[in-house]
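These are the residues of each chain, in order.
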Amino acid sequence: MTVRAMKSGAVEFLTKPFQDQDLLDAIRQALDRDRVTRQQQSNLAELRKRYQALTAREREVMGLVVSGMLNKQIAFDLGSARSQ
């Protein structure tokens, strides 16, 4: 039962009898975890919003940057692509 509860997202599995402080600690841990998760989701949503605001050309450049290409390589590649 404990394993199933943890896999379903339980923060803690308290067995009776338990101390009040154990319950409070589990609640605090769950709230902290939820706060972090919500912040991460908010950050990801902001990144997606910013990415959607990019032009097609800016997305193309970004793809090359994150692939590890140097600025000069990107400029050469994109300049060559334009002249063709």
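Now for a quick tour of the structure.

Quick notes on the rules
Residues numbered from 1 in each chain as written. Predicted model: local features only at pLDDT ≥ 70, side-chain atom pairs only at ≥ 80, totals over all residues. Heavy atoms only, no water. Helix = DSSP H or I, 4+ residues; strand = E, 2+ residues; numbered from the N terminus. Buried < 20%, exposed > 50% of the residue type's maximum accessible area, 1.4 Å probe, protein only. Areas by Shrake-Rupley, 256 points an atom, 1.4 Å probe, with all protein chains shown as cover. Lys, Arg positive; Asp, Glu negative; His and termini not counted. Charge placed at Lys NZ, Arg CZ, Asp CG, Glu CD. Phe/Tyr/Trp six-rings, centres within 6.5 Å; stacked < 30°, edge-to-face > 60°. Lys NZ or Arg CZ within 6 Å of the ring centre and 35° of its normal. Patch = residues over 30% accessible without salt bridge, like charges linked within 9 Å, V, L, I, M, F, W, Y side chains within 5 Å. Salt bridge = Lys/Arg side-chain N within 4 Å of Asp/Glu carboxyl O.

1. Notes on the overall build of the protein
When helices and strands are counted, the protein shows 4 helices and 0 strands. Listed N to C, the secondary structure of the protein is α-α-α-α in terms of helices and strands. Judged by the C-alpha coordinates and their principal axes, the protein covers about 75 × 25 × 20 Å. Sorting the 84 residues of the protein into buried and exposed places 5% on the buried side. As displayed, the protein has an accessible area near 7,500 Å², and 55% of this comes from carbon and sulfur atoms. Within the protein, one finds 14 positive and 10 negative side-chain charges whose respective centroids are separated by 7 Å.

2. Considering the packing of aromatic side chains
With the rule as written, the count across this model stands at 0 aromatic pairs. In this structure, Arg59 packs its charged tip against the face of Tyr51, placed 4.9 Å from the ring centre.

3. Some points on the environment of Leu70
Note on placement: Leu70 falls in the loop between helix H3 (56-66) and helix H4 (71-83). Residues Leu70 and Ala53, 17 residues apart in the sequence, show an inter-C-alpha distance of 23 Å.

4. Observations regarding a nonpolar patch on the surface
On the surface, Phe18, Leu23, Leu24, Ile27 and Leu31 cluster together into a nonpolar patch covering about 430 Å² of accessible area. Assignment of secondary structure puts Leu24 in helix H2 (residues 20-53). Relative accessible area serves as the criterion here: at 48%, Leu24 is assigned to the partly exposed category.

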